[in-house]
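Analysis of the macromolecular model
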Amino acid sequence: MKAKLFLILLCFGLLFVFGCQEPEARRPIQKSSGSFMKESVNRNKKLISEEEKIIDSIIKSQPQNKFYSSEKGYWYTYDIRNEKDTLTPKRGDMAYFDYEIYDLKGNVIYTALELRPQDYLVDKQEIMLGIQDGIKLMRKNEKVTFLFPSHIAYGYLGDKNRIGPNIPIRCTVTLTDFIKENELQKPIKITEN
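Here the structure is a predicted model, which means the values were calculated and not measured.

Across its full length, the protein holds 5 helices and 7 strands. Of the regular secondary structure in the protein, the N- to C-terminal order runs α-α-β-β-β-β-α-β-α-β-β-α. Within the protein, the fraction of its 193 residues that count as buried is 30%. In the protein, the share of contacts with a sequence separation of at least 24, taken over all contacts with a separation of at least 6, comes to 70%.

Rendered as structure tokens:
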């Protein structure tokens with residue numbers, strides 16, 4: 001009986017000793033050298049450079065239009081300019097606009113009718129990065145043509161419909177109106193007759 005008890009205690013003791021040890025972390029089979037990230041960065045730099053060359057040739061082919069370079073990496077020209085107004089939409093304002101999307105050869109991808117008039121709460125809704133930034137440069141009743149590299153347009157995924165991955169585009173945007181944020185939140189006054 002004592003031998004059985006000794007064996008049971010010995011088994012529990014061994015189980016306790018070996019079971020309570022910290023497991024050793026698995027070592028990675030391969031070490032990452034970061035080469036994938038370097039290759040990806042180089043590929044993206046090359047893609048942007050090629051797109052900028054194409055856009056530059058478009059700009060040079062239209063000397064009658066004055067193109068402006070934005071801080072965000074796209075170019076734009078005014079088709080209709082509003083010199084009277086000075087206000088532009090800011091964060092929180094409601095912007096109303098129409099737009100069309102073309103490829104860089106001038107072929108229509110989406111018409112204004114297909115895209116229907118848009119209302120956009122500036123910087124508080126998700127829209128294409130280029131238009132999101134471009135709207136803030138515009139005044140009421142201006143029409144602007146933007147040349148967007150793919151990374152500011154629909155990026156490496158495209159729009160999953162008519163615009164493929166890594167496609168630079170041209171957008172013509174007309175800002176029909178915008179309402180300042182503080183005017184959006186004004187209560188409606190009801191007058192009695």
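The final tally for this structure, using the stated rule, is 7 salt bridges. Residues K180 and D93 are paired through a salt bridge, measuring 3.0 Å at the closest nitrogen-oxygen approach. Taken together, the residues span a long stretch of sequence, with K180 in the loop between β7 (169-179) and α5 (181-184) and D93 in the loop between β2 (75-80) and β3 (94-103) at a distance of 87 residues. One salt bridge in this structure joins E114 and R162, with 2.6 Å as the shortest N-O distance. Remark: R162 occurs in the loop between β6 (142-148) and β7 and E114 occurs in helix α3 (residues 112-115); sequence separation between them is 48 residues. Accessibility expressed as a relative area gives 40% for E114, which makes it partly exposed. Using a relative accessible area of 43% as the deciding quantity, one classes R162 as partly exposed.

Its volume calculated, the largest pocket comes out at about 150 Å³. Every residue lining the largest pocket is listed: R43, N44, L47, I48, S150, H151, G155, Y156 and N166. When its residues are assigned to classes, the lining of the largest pocket shows 3 nonpolar, 5 polar and 1 charged.

Before going further, it helps to spend a moment on the nonpolar core. Counting 27 residues, the largest nonpolar core has I101, I131, F148, I169 and V173 as the members making the most contacts within it. Elements supplying a minimum of two residues to this core: β2, β3, β4 (108-110), β6 and β7. If sequence neighbours within four positions are ignored, I101 has contacts with N107, V108, I109, Y110, L115, Y154, I163, I169, R170 and C171. I55, I58, W75 and L104 belong to the second-largest nonpolar core, a separate cluster that totals 7 residues.

A separate point is the side chain of E51. Secondary-structure assignment places E51 in helix α2 (residues 35-60). Summary of buried charges: E51 has no salt-bridge partner, and the nearest side chain of opposite charge, R43, is 8.6 Å away. A distance of 2.6 Å separates the side chain of E51 from the side chain of S150, its partner in a polar contact. Leaving out residues up to four positions away in the same chain, E51 has contacts with P149, S150, H151, N166 and P168.

This part covers α2. When the terminal C-alpha atoms of α2 are compared, their 37 Å separation across 26 residues agrees well with the 38 Å that a helix rising 1.5 Å per residue should span. Considered for burial, the residues of α2 that qualify are L47, E51, I55, I58 and I59. Along its buried surface, α2 packs onto β2 and β6.

Another point: the packing of aromatic side chains. For the coordinates displayed, the defined rule picks out 9 aromatic pairs. Centre to centre, the rings of F97 and Y99 are 5.5 Å apart; their planes meet at 45°, and the pair counts as tilted. Accessibility expressed as a relative area gives 11% for Y99, which makes it buried. In textbook terms, an aromatic cluster arises when at least three aromatic residues are bridged by ring pairs, as seen for Y68, Y74, Y76, Y78, F146 and F148. Directly above the aromatic system of F178 lies the positively charged group of K140, at a separation of 5.5 Å from the ring centroid. In this arrangement the basic side chain of R170 is found over the ring face of Y102, its NZ or CZ atom lying 4.2 Å from the centre.

Further remarks concern the pairing of strand β5 (residues 118-121). Alternating positions in β5 separate cleanly, Q118 and Y120 being buried on one face and D119 and L121 remaining unburied on the opposite face. In the sheet, β3 pairs with β5 via 4 bridges, with the strands oriented antiparallel. Bridge assignment links A95 to a residue of β5, and that residue is Y120.

Rules used throughout
Residues numbered from 1 in each chain as written. Predicted model: local features only at pLDDT ≥ 70, side-chain atom pairs only at ≥ 80, totals over all residues. Heavy atoms only, no water. Helix = DSSP H or I, 4+ residues; strand = E, 2+ residues; numbered from the N terminus. Buried < 20%, exposed > 50% of the residue type's maximum accessible area, 1.4 Å probe, protein only. Contact = heavy atoms within 4.5 Å. Salt bridge = Lys/Arg side-chain N within 4 Å of Asp/Glu carboxyl O. 1 Å grid on protein atoms, 1.4 Å probe; cavity = no way out; pocket = protein on both sides within 12 Å on 5 of 7 lines; lining within 4 Å. Points joined across faces, edges and corners; volume = space filled by probe spheres on them. Nonpolar A, V, L, I, M, F, W, Y, C, P; charged D, E, K, R; others polar. Core = buried A, V, L, I, M, F, W, Y, C linked by side-chain atoms within 4.5 Å. Lys, Arg positive; Asp, Glu negative; His and termini not counted. Polar contact = N/O pair within 3.5 Å; in protein donor to acceptor, adjacent residues only side chain to side chain. Expected span 1.5 Å × (residues − 1). Phe/Tyr/Trp six-rings, centres within 6.5 Å; stacked < 30°, edge-to-face > 60°. Lys NZ or Arg CZ within 6 Å of the ring centre and 35° of its normal. Pairing = 2+ DSSP bridges.

Limitation: the analysis is restricted to geometry and does not speak to function.
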